[in-house]
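Residue-level listing of the chains:
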Amino acid sequence: MRYADRMSQLGTETAFEVLAKARALEAKGRSIVHLEIGEPDFDTPAPIRAAAVRALDEGFTHYGPSAGLPEVREAIAAFIAKDRGLPVTPDQVVVTPGGKPVLTFAIMACIDPGDEVIVPDPGFPIYESVVRFLGARPMPLVLREEKGFRFGAADLEALLTPKTRMVVLNSPHNPTGSVLTPADLDEIARLLRDRDIFVLSDEIYSKILYEGVHDSIATRPGMAEKTILLDGFSKTYAMTGWRLGYGVMNPTLAKHVARLATNVYSCATAFVQRAAITALGGSQEPVAAMVKEFRRRRAEIVEGLNAIPGLRCLEPSGAFYVFPNIQALHMKSADVERVLLEEAGVAALSGTAFGPSGEGYIRLSYANSIENIREALHRIGAHVSSQLRAAR
């Protein structure tokens, strides 16, 4: 059978592939420590679960508007206005099943074949995947360890051409955990605000931040109209399986995105949307408690990795990932991923799963217990020591 040529341009998320391999090994009796998948290991807070049950009992089991239930869009607009200091009206909000439809539909609505989209490298692989699938050209913005995996206007300006139509920002950042500072955002905004360029600002980890408060480029002068702010409930409220995200954008673009939603999935699940009102308007203590625990785990894994000869690891400022440098092992990142899983029983991701500039690194998620993190560090340390001895 013949399939569409465009499928050759579509990438994937390696985390799910490694998860499948790890579970296959577990089915054979192997002990695996899971540090590959990017989801909180906490349960969704009880009030949110209860709100979903109430919504089911109240009959929220039918179709809704493609852009989202009006009361949910109102709740999100009010939340963003208060949380980001960004005036937002409900007609700027589109509610989606997870965050990926926001980035996919925004790129579909704004980018033509042959256009250029600047994407972080390393970065979330779906950015590049969607850009290539649509016949556009991803332009990698290399994030360097010596700069704390951050970048400024000078780094970005070097990539701008007459074909540039979009810049993707992700802060807090997956896979490195870096966070753009207010000064970074100021200079990036000054560079872009008078150019005909959209900004896709992926802020899905906005609440998993260890110092200060989250800042968005959309708040800078001249940037609200051209910024697509992506956020959601998966990470902040441990709702990965609920599949609920949202985008905030100018009203014209919101209509385009809602029309794409109509064509692809009709609408987000009604009772899940109703639970989102409780998530945003209820107590945020479960979020604070989760971040407090992530902070404790961050200290454990960063200290542990830096104590292993041959490894070095920056302390992330947000999200729940570390991106240790493994160059002293003189192995390809993909080989380290394979050996850690098959020999050490630790599921990790090659840095190259996030782009070519991830070579020499691996990503570890510390969304796991302290006990499991310590066991993983023990296994990694034993493997690294063995590898370094063999290299001598």
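To be clear, the structure that these remarks concern was listed above.
All of the points below concern the structure found in this document. (Residues numbered from 1 in each chain as written. Predicted model: local features only at pLDDT ≥ 70, side-chain atom pairs only at ≥ 80, totals over all residues. Heavy atoms only, no water.)

## Some words on the pairing of strand β5 (residues 164-170)
Cut-off, in case you're wondering: Between buried and exposed lies partly exposed: a residue is buried under 20% and exposed over 50% of the maximum accessible area for its type, with that area taken using a 1.4 Å probe on protein chains only. Runs of E in the DSSP output that reach at least two residues are strands. Runs of H or I that reach at least four are helices, and both are numbered from the N terminus. For two strands to be treated as a pair, DSSP must find at least two bridges joining them. Convention used here: a crossover is right-handed provided that the path from the first strand, over the helix, to the second strand proceeds clockwise when the strands point away from the viewer.
Buried residues dominate β5, accounting for seven of its seven residues. Bridge count for strand β3 (residues 116-121) against β5 is three bridges, and the pairing is parallel. Pairing of E116 across the sheet is with T164, part of β5. Note that the unit made of β5, helix α7 (residues 182-192) and strand β6 (residues 198-202) has a crossover that is right-handed.

## Re the sheet that holds β5
Each strand in a sheet pairs with another by means of backbone hydrogen bonds, the pair being arranged parallel or else antiparallel. Put simply, the rule reads: Simply put, an axis is a line fit to the C-alpha atoms, just over the touching stretch for a helix, and the angle between two N-to-C directions goes from 0 to 180 degrees. Every residue pair with non-hydrogen atoms within 4.5 Å of one another is taken to be in contact.
Taken in spatial order, the seven strands of this open sheet run β2-β8-β7-β6-β5-β3-β4, and their pairing is mixed. Two strands lie at the open edges of the sheet, namely β2 (93-96) and β4 (137-142), each paired on one side alone. Shown here is a sheet whose adjacent strand axes are inclined to one another by a mean of 20 degrees, direction ignored. Its contacts with the sheet place helix α5 (residues 125-133) against β3, β4, β5 and β6, and it is angled at close to 155 degrees to β4.

## Focus: the packing of helix α3 (residues 70-84) against helix α9 (residues 270-281)
As a reminder, the rule being used: Should an angle lie under 35 degrees it is considered roughly parallel, over 145 roughly antiparallel, and from 65 to 115 roughly perpendicular; all remaining angles are considered oblique. The handedness criterion is simple: a crossing whose near helix is rotated anticlockwise from the far helix by less than a right angle is left-handed, and one whose near helix is rotated clockwise is right-handed. Note that Gly is not counted as nonpolar here; it falls among the polar residues with everything else outside the nonpolar set of Ala, Val, Leu, Ile, Met, Phe, Trp, Tyr, Cys and Pro and the charged set of Asp, Glu, Lys and Arg.
It is at 9 Å that the axes of α3 and α9 come closest, and there the two elements cross at 25 degrees. By the angle between their axes, α3 is roughly parallel relative to α9. α3 and α9 meet at a crossing whose hand is left-handed. Taken together, the residues of α9 that come into contact with α3 (itself represented by E71, V72, A75, I76 and F79) are Q273, R274, I277 and L280. Per-class residue counts for the contact of α3 with α9 are six nonpolar, one polar and two charged.

## Topic: the side chain of E116
What counts is decided by this rule: Within 3.5 Å is the distance limit for a polar contact, defined as a pair of N or O atoms, with the added protein rule that one can donate a hydrogen and the other accept it, and that residues adjacent in sequence qualify only through two side-chain atoms.
Checked against the element boundaries, E116 lands in strand β3. Taking the relative accessible area as the measure of exposure, E116 reaches 6% and is therefore buried. Looking at E116, its side chain comes within polar contact range of the side chain of T161, at 2.7 Å.

## Overview of the sheet that holds strand β9 (residues 321-322)
Overall, antiparallel pairing links the three strands, which are arranged β9-β12-β11 in an open sheet. Because the sheet does not close on itself, it has two edges, and the strands there are β9 and β11 (349-350). The pairing of β9 with strand β12 (residues 362-365) spans two bridges and is classified as antiparallel. Note that in β12 the partner of V322 across the bridge is L364.

## What about the pattern of salt bridges?
Side-chain pairs of opposite charge can arise whenever the charged atoms involved come near each other. The cut-off we apply is this: Criterion for a salt bridge: a side-chain nitrogen of Lys or Arg within 4 Å of a carboxyl oxygen of Asp or Glu.
According to the stated counting rule, one finds 23 salt bridges in the structure shown. Where R274 meets E71, a salt bridge forms, and the shortest distance between an N and an O atom there is 3.0 Å. Of this pair, R274 sits in helix α9 while E71 sits in helix α3, and the two are 203 residues apart along the sequence. What emerges from the salt-bridge pattern is a single network uniting D83, R84, E203, K207 and D231.

## Considering α3
Operational definition: Each residue after the first adds 1.5 Å to the expected span of a helix.
Compared with the 21 Å implied by 1.5 Å per residue over 15 residues, the 21 Å span of α3 between its first and last C-alpha is a close match. If you check which residues of α3 are buried, you get V72, R73, A75, I76, A77, F79, I80 and R84. Summarising the contacts, the buried residues of α3 are in contact with β2, β7 (227-232), β8 (245-248) and α9. After α3 finishes, the residue G85 shows a positive phi value of roughly 70 degrees.

## As for the pairing of β6
Put simply, side chains in a regular strand alternate between the two faces of the sheet. With five of its five residues buried, β6 lies for the most part within the structure. By the alternation rule, side chains of β6 split into F198, L200 and D202 and V199 and S201, which are all buried. The pairing of β5 with β6 spans five bridges and is parallel. From the neighbouring strand, V167 faces β6, where its bridge partner is V199. The pairing of β6 with β7 spans four bridges and is classified as parallel.

## Some remarks on the packing of aromatic side chains
Short version of the rule: In this scheme Phe, Tyr and Trp rings, the latter by its six-membered ring, pair at centre separations within 6.5 Å, and the angle between planes marks the pair as stacked below 30 degrees, edge-to-face above 60, and tilted otherwise.
Scanning the entire structure with this criterion turns up 13 aromatic pairs. With centroids separated by 4.9 Å and ring planes inclined at 55 degrees, the aromatic side chains of F320 and Y321 adopt a geometry described as tilted. The two residues F320 and Y321 agree in class, both being buried. Through a chain of ring-to-ring contacts, three or more aromatic side chains come together here, namely F42, Y205, F294, F320, Y321 and Y366.

## Thoughts on helix α10 (residues 285-306)
The first and last C-alpha atoms of α10 sit 32 Å apart over 22 residues, in line with the 32 Å expected at 1.5 Å per residue. Those residues of α10 lying buried are V287, M290, V291, E293, F294, R297, R298, I301, V302, G304 and L305.

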